[in-house]
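Fold and contact review
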Amino acid sequence: MPSPDKAPKGTGFLTSALTAPVSSAEAALRPLSFSDFAGQPKTVERLKVMVGAAKRRGEALNHILLSGPPGLGKTTLAFILGHELGRNVRVTSGPVIEKAGDLAGLLTNLEEGDILFIDEIHRIPKTVEEYLYSAMEDFRLDIMIDQGPNARSVRLSIPRFTLIGATTRSGLLTAPLRSRFTLNTRLDYYERGTLEGIVRRSCGLLKVELDDGGAQEIAKRARGTPRIAGRLLRRVRDFALVGGQETVDRAAADRALRQLEVDAAGLDAMDRRYLSTVAINYAGGPVGIETIAAALSEPRDAIEEIIEPFLIQKGFIQRTPRGRLLTAHAFRHLGLAEPARDPAQFGLFGEEGED
């Protein structure tokens, strides 16, 4: 087992963990310790306890499942765990692992105590998932070689490792796989104040002059997501640089974000297109998700995982048994008159069926 003291640190740690090279600027924005990570206090506290216990026992960390919308820090937390423990982090994603041989290659190349991070773990094929069960519990793999009369099973012993799974749709995980994770924790959208702190930290690392008003404007429109806050900050910085403005204030941030078509509520062009389509073409709904996907020419998964969570959180749309339904808040935001609708359409629970 490699000594934690000899494990790469800082930018080198990220470069060794990610397949694509990471610039020093990008690496600097990603926190590598719990002290630098803002938000998600309950999840961070649980992870600190697990890391401390693993260090005292001198054992590999227990398996962890991180769930929640994209951009909230699931990958970052995996890197933090590896950095805190002084262990390597191997990164892959569910769709890439197409067959058992792919999984075997990943697991046999791990060293004792290493972390295997599988993003979108719910997309692993079911036939491959079954091989994970014995790997997670017994640290062995039983691989079938050949077919028919020549078929035989080969048992491979693998080092004790930690599996960190990340998913945006935890409901799609099978019960046997979910039960094998010692910790199952969900990441939630960030409070505006926390995002302001993240924006200020990034400003210091990027050497961007940003006043409190500018930080508040970016945080307000970041959809509760640090990844989006970082992206908006870079674009605002570019607009300020081209405009010859040394300090980004609220007015400068507002101008830049409006040019990027991000409005005061944090909605972008696709969000408004979604709302306008339902409001104008379907009188505010209810309308099925398949119909919306066809009207927008976007995959259903992209709409459900990327667009709708924020719109639901902010009260712009409602899921009812009959379909998606725009709220009065959505019509006010669009500047449209709300049509007369039957109150019975506003179901409180349930999902709509297929179109």
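For every chain, the first residue of its written sequence is number 1, and the numbers climb from 1 along that sequence. Local features in a predicted model are, by the rule used here, given only for residues with pLDDT of at least 70; side-chain atom pairs are given and counted only at 80 or more, and totals for whole chains, interfaces and linings are based on all residues. In computing side-chain properties, one takes all heavy atoms of the structure into account and sets aside hydrogens as well as water.

The topology assignment puts G68 in the loop between β1 (64-67) and α4 (74-85). Judged by its relative accessible area of 0%, G68 falls in the buried class. Contact definition: two residues touch when any of their heavy atoms are within 4.5 Å. Here G68 is in contact with K74, T167, T168, R186 and L187, once residues within four sequence places are set aside. Strands are runs of DSSP state E lasting at least 2 residues, helices are runs of H or I lasting at least 4, and numbering of each runs from the N terminus. Relative accessibility thresholds used throughout: buried, under 20% of the residue-type maximum; exposed, over 50%; partly exposed, between the two (1.4 Å probe, protein chains only).

Tracing the backbone through its elements, the reader meets A279 in helix α12 (residues 269-281). In sequence terms A279 and T327 are 48 residues apart; their C-alpha atoms lie 9.7 Å from each other. Other than its neighbours up to four places away in sequence, A279 contacts G284, L326, F331, L334 and L336.

Here we take up the pairing of strand β2 (residues 89-93). In the sheet, β2 pairs with strand β3 (residues 115-119) via five bridges, with the strands oriented parallel. Considered in β3, the bridge of T92 is made with I118. Looking down the strands as they point away from the viewer, one classifies a crossover as right-handed if the path from the first strand across the helix to the second runs clockwise. Each parallel crossover has a hand, and the one from β2 via helix α5 (residues 100-108) to β3 is right-handed. Paired strands are those between which DSSP finds at least two bridges.

The next subject is the sheet that holds strand β7 (residues 183-186). Hydrogen bonding along the main chain pairs the strands of a sheet, whether they run parallel or antiparallel. As summarised here, the arrangement of the five strands in space is β2-β3-β6-β1-β7, forming an open sheet in which the pairing is parallel. What marks the edges here is a single partner per strand, and that holds for β2 and β7. Put simply, the sheet's adjacent strands are angled 15° from each other on average, direction ignored. Pairing analysis gives four bridges linking β1 to strand β6 (residues 162-167), with the strands arranged parallel. When the bridges of β6 are listed, L65 appears paired with G165. A fitted line through C-alpha atoms represents every axis, and for helices the fit uses only the stretch in contact; the resulting angles, taken between N-to-C directions, go from 0 to 180 degrees.

This part covers the confidence of the model for the protein. Mean pLDDT over the protein: 80, with 86% of residues reaching 70 or higher. Across the chain, each position has a pLDDT score giving the predictor's confidence in that residue, from 0 to 100. No element of the protein has a lower mean pLDDT than helix α1 (residues 10-17), at 37, and none a higher one than β1, at 91. This stretch, residues 1-23, has a pLDDT under 50; its non-local contacts, to residues over four places away or in other chains, come to 40 contacts. Throughout residues 348-355 the model reports pLDDT below 50, and contacts reaching past four residues in sequence, or to other chains, amount to 23 contacts.

With that settled, the discussion passes to the pairing of strand β11 (residues 323-326). Pairing analysis gives four bridges linking strand β10 (residues 317-320) to β11, with the strands arranged antiparallel. Across the sheet, the residue bridging to R319 is R324, located in β11.

With that settled, consider the packing of α5 against helix α6 (residues 126-138). At a minimum axis distance of 9 Å, the contact between α5 and α6 shows a crossing angle of 30°. As α5 packs across α6, the resulting crossing turns out to be right-handed. Along the contact surface, α5 presents A100, L103 and L107, while α6 presents V128, Y131, L132 and A135. Each helix crossing is assigned a hand: it is left-handed if the near helix lies turned anticlockwise from the far helix by less than a right angle, otherwise right-handed if that turn is clockwise.

So, about helix α14 (residues 300-313). Turn by turn, an α-helix covers 3.6 residues, leaving residues three or four places apart pointing in a common direction. For α14, spanning 14 residues, the distance from its first C-alpha to its last is 19 Å, which sits close to the expected 20 Å at 1.5 Å a residue. Helix geometry: α14 is bent most strongly at I307, by close to 45°, with proline P309 lying one to four residues after it. All of the buried residues along α14 are I303, E304, I307, E308, F310 and L311. Close packing links the buried residues of α14 with α12, α13 (289-296), β10 and β11. Of the residues flanking the end of α14, it is G315, one or two places downstream, whose phi is positive at about 80°. One fewer than the residue count of a helix, multiplied by 1.5 Å, yields its expected span. One axis fitted to the seven residues ending at a residue, another fitted to the seven starting there: the angle between these axes is the bend at that residue.

Packing of helix α3 (residues 41-57) against α4 leaves a shortest axis separation of 11 Å and a crossing angle of 30°. By the angle between their axes, α3 is roughly parallel relative to α4. In this structure, α3 crosses over α4, and the sense of that crossing is right-handed. Between α3, through T43, L47, V51, A54 and K55, and α4, the contact on the second element is made entirely by L77, L81, E84 and L85. Looking at side-chain class alone, the contact of α3 with α4 contains six nonpolar, one polar and two charged residues. Here roughly perpendicular refers to angles of 65 to 115 degrees, roughly parallel to angles under 35, roughly antiparallel to angles over 145, and oblique to all remaining angles. Residues are grouped as follows: Ala, Val, Leu, Ile, Met, Phe, Trp, Tyr, Cys and Pro are nonpolar; Asp, Glu, Lys and Arg are charged; every other residue, Gly included, is polar.

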